[in-house]
Amino acid sequence: MWCRVLASRTRLLPKACWRTLGLEHGDKLSDALQLTPSDRLAHLYPLYTLQENMTEMLAVEAKKDQKKLLFVPSEAELQQAEQLFVEPAGSARTHMAYVSSAERIDHAPKSTVPEVCFLGRSNVGKSSLLRAIFSLAPNVYVRVSKTPGHTKKLNFFCVGRSFLLVDAPGYGYRAPIDFTEMVSVYLKTRQSLKNVLLLIDSGVGIQPPDRAIISALENMNVSYTMVLTKSDRASRRDLFRSVLTMQQFIKKRTTGCFPEPLLVSSHTYAGISLLRCFIAHVTGTIWKST
Ligand SMILES: Nc1nc2c(ncn2[C@@H]2O[C@H](COP(=O)(O)OP(=O)(O)OP(=O)(O)O)[C@@H](O)[C@H]2O)c(=O)[nH]1
Ligand SMILES: [Mg+2]
């Protein structure tokens, strides 16, 4: 009962509630498909639902900025992407795994497959997001910590032979001393890097260190995508404000940024299926038909 009240209020289910509802994890698409249509929509396409429900709150000016969402794959496409992140039954070799860590680019694994890097301020939730993405592969362990500055190296993870995902150290507070050298050389020279997911805390918004990284990415002509994290912590009103501010920032201040932010929670798994599909899309592993 508590879960249902909470769900109808926030439309985002806390992780613990999945079990109470008789669902196993909450990170699987099949679990989300058992939710009521509106909860399912909120879980799978958080930005879409947020925009739909908040239209009345918008001032006329802001309404002009409302546009049709660009990345809305079908549930079948979400399912296809999810399969990439599941260990195939009976497979002799490990499909998904931690590969290695690098302090310098010459320690990085060979760049033979497309790659996506998770970048953002210390504590924004990079490692947690990778952990949520790999939640269907129990053999992959991604370290998460409450202490900012926990990740010190570039950590590489493979998803079959399809692509690599890279967990980067955070910038800003307690960043590694050699952060700029390590990460900027990586961003400049890594041929296989297809997209940087730039994580921004949805309750905090873009901060001065983020602006510095955004201008570096723009100068280096690196394609990147804004990902608003920790959506479970902010109210719907604040989330909506963050999304709107972000959309306006992307439109006015960027050229290399994907024109639509993604909204995720690594705790409730809201938006995780969509993010998996986005990664599969930018790495060219599956093609979105719509
Ligand atoms: N409520 C909530 N907390 C989160 C979420 N994602 C991460 N956190 C918390 O934020 C803290 C930092 O998470 P990490 O994933 O280690 O952050 P990071 O960006 O990898 O941090 P560094 O490696 O230090 O740069 C941890 O206490 C997480 O539990 C989320 O979606 N919701
Ligand atoms: Mg980390």
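Just so you know, these numbers come straight off a predicted model, no measurement behind them. (Residues numbered from 1 in each chain as written. Chains lettered and ligands numbered in written order. Predicted model: local features only at pLDDT ≥ 70, side-chain atom pairs only at ≥ 80, totals over all residues.)

### As for the overall build of the chain
Phase 1: Scanning the chain from terminus to terminus reveals twelve helices and seven strands.
Phase 2: Expressed as a percentage of the 290 residues in the chain, the buried residues total 41%.
Phase 3: Expressed as a percentage of contacts within the chain between residues at least 6 apart in sequence, the contacts between residues at least 24 apart total 75%. (Helix = DSSP H or I, 4+ residues; strand = E, 2+ residues; numbered from the N terminus. Buried ≥ 20, exposed ≤ 12 C-beta atoms within 10 Å, placed from the backbone. Contact = placed C-beta atoms within 7 Å.)

### Considering unusual backbone geometry
A negative phi angle is the norm for most residues apart from glycine, just as the trans form is the norm for most peptide bonds.
Phase 1: With a phi angle near 75°, N123 is a residue other than glycine that sits in the positive phi range.
Phase 2: Following the sequence through the fold, N123 ends up in the loop between β2 (115-120) and α8 (126-133).
Phase 3: At Y269, a residue that is not glycine, the phi angle is positive and equals roughly 70°.
Phase 4: Judged by C-beta crowding, with 25 C-beta atoms within 10 Å, Y269 ranks as buried.

### A word on helix α12 (residues 272-282)
Phase 1: Within α12, nine of the eleven residues are buried, which leaves it mostly tucked inside the rest of the structure.
Phase 2: All buried positions along α12 are accounted for by I272, S273, L274, L275, R276, C277, F278, I279 and A280.
Phase 3: Against α3 (29-32), α4 (37-44), α7 (75-84), β2, α8 and β7 (262-263) lie the buried residues of α12.
Phase 4: At the exit of α12 stands G284, carrying a positive phi of roughly 75°.

### Some remarks on the nonpolar core
Phase 1: Counting 72 residues, the largest nonpolar core has F118, L119, L198 and L199 as the members making the most contacts within it.
Phase 2: Residue contributions to this core peak at seven residues, all from α12.
Phase 3: Residue contacts for F118: discarding those within four places in its chain leaves K126, L129, L130, V166, D167, A168, L197 and L199. (Core = buried A, V, L, I, M, F, W, Y, C linked by C-beta atoms within 7 Å.)

### Overview of the packing of α7 against α12
Phase 1: Where α7 contacts α12, the axes come no closer than 8 Å and their chain directions differ by 75°. As far as their axial angle goes, α12 and α7 are roughly perpendicular. Along the contact surface, α7 presents E77, L78, A81, E82 and L84, while α12 presents S273, L274, R276, C277 and A280.
Phase 2: Taken together, the residues of the contact of α7 with α12 sort by class into six nonpolar, one polar and three charged. (Axes fitted to C-alpha atoms, helices over the stretch in contact; angles between N-to-C directions. Parallel < 35°, antiparallel > 145°, perpendicular 65-115°, else oblique. Nonpolar A, V, L, I, M, F, W, Y, C, P; charged D, E, K, R; others polar.)

### Observations regarding the environment of L263
Phase 1: For L263, the position within the fold is in strand β7.
Phase 2: On a C-alpha basis, the gap between L263 and L274 in space is 9.3 Å, while along the polypeptide they are eleven residues apart.
Phase 3: Contact partners of L263, with chain neighbours within four places excluded, come to P46, L47, L50, S202, L228, S231, V243 and G271.

### Let's talk about helix α9 (residues 179-189)
Phase 1: Taken as a whole, α9 has its buried residues at M182, V183, Y186 and L187. Seen end-on, α9 carries its buried residues on one side only, within an arc spanning 115°.
Phase 2: Looking at the packing, one finds that the buried side of α9 touches β3 (154-159) and β5 (193-201). (Arc of directions from axis to C-beta.)

### Here we look at the environment of A102
Phase 1: Structurally, the position occupied by A102 is in strand β1 (residues 96-102).
Phase 2: For A102, a count of 17 C-beta atoms within 10 Å puts it in the partly exposed group.
Phase 3: Once the C-alpha coordinates of A102 and N155 are considered, the two residues, 53 residues apart in sequence, prove to be 6.5 Å apart.
Phase 4: Among all residues touching A102, those that are not within four sequence positions of it are H107, A108, K153 and L154.

### With respect to the sheet that holds β5
Phase 1: Taking strand neighbours across the sheet as the criterion, the seven strands line up as β1-β3-β4-β2-β5-β6-β7 in an open arrangement whose pairing is mixed. Of all the strands in the sheet, just β1 and β7 have a single pairing partner and so form its edges.
Phase 2: In this structure, β2 lies alongside strand β4 (residues 163-167), joined through four bridges in parallel fashion. Within β4, the residue paired with E115 across the bridge is L164. (Pairing = 2+ DSSP bridges.)

### Quick look at the confidence of the model for the chain
Phase 1: With 83% of its residues at a pLDDT of 70 or more, the chain shows a mean pLDDT of 83.
Phase 2: Confidence scores differ between elements of the chain, with helix α1 (residues 2-10) showing the lowest mean pLDDT of 33 and strand β6 (residues 224-229) the highest of 98.
Phase 3: Here residues 1-16 is a poorly scored stretch, pLDDT under 50, and it has 28 contacts once near neighbours within four places are set aside; other chains count.
Phase 4: Low pLDDT, under 50, characterises residues 19-24; the predicted model gives this stretch six contacts beyond four residues in sequence or across chains. (pLDDT = per-residue confidence, 0-100.)

### Quick word on the environment of R253
Phase 1: By the element assignment, R253 lies in helix α11 (residues 236-253).
Phase 2: Given 13 C-beta atoms within 10 Å, R253 falls into the partly exposed group.
Phase 3: Measuring from C-alpha to C-alpha, the distance between R253 and S215 comes to 9.3 Å, with 38 residues separating the pair along the chain.

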